[in-house]
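Structural characterization, general
These are the residues of each chain, in order.
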Amino acid sequence: VNAAAGGAEHSAVTTSGGHMFTFGWGRYGNLGHGHCDDVHVPQRVEALVQKNVFAKEPICGWRHSAALTDEGSCFISQIPPPRFKPLF
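Now for a look at the structure at hand. All figures in this text were calculated on a predicted structure; none of them were measured in a lab.

Bringing the sheet that holds strand S4 (residues 39–44) into the picture now. Pairing between the strands of a sheet is mediated by backbone hydrogen bonds and can be parallel or antiparallel. The sheet built from 4 strands is open, its strands ordered S1-S2-S3-S4 with antiparallel pairing. With one partner strand each, in any of the chains shown, strand S1 (3–6) and S4 form the two edges of the open sheet. Strand-to-strand twist across the sheet, computed as the mean angle between neighbouring axes with direction ignored, equals 15°. Relative to strand S3 (residues 20–24), strand S2 (residues 10–14) is paired through 5 bridges, and the arrangement is antiparallel. Paired with threonine 14 across the strands is methionine 20, a residue of S3.

Parameters at a glance
- Residues numbered from 1 in each chain as written.
- Predicted model: local features only at pLDDT ≥ 70, side-chain atom pairs only at ≥ 80, totals over all residues.
- Heavy atoms only, no water.
- Pairing = 2+ DSSP bridges.
- Helix = DSSP H or I, 4+ residues; strand = E, 2+ residues; numbered from the N terminus.
- Axes fitted to C-alpha atoms, helices over the stretch in contact; angles between N-to-C directions.

Put into structure tokens, the structure is as follows:
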């Protein structure tokens, strides 16, 4: 684990390999897994893997998660539907 972040009721970590894992309360799609279920064990955010995103730093807010990339982009969970999309 390279970096960690905590939100209202969820958490996220990034690894040296550029993967982001989220877990906790997922009611509003804030975990970025494409559903609104709670996740009690850290689960890799596959939407970022599919887009070949190297997640450098996790960010957690009240009802969202975001990933800052090694290239300076920011991907954020979006509701609805819960998924990661570039902000810019």
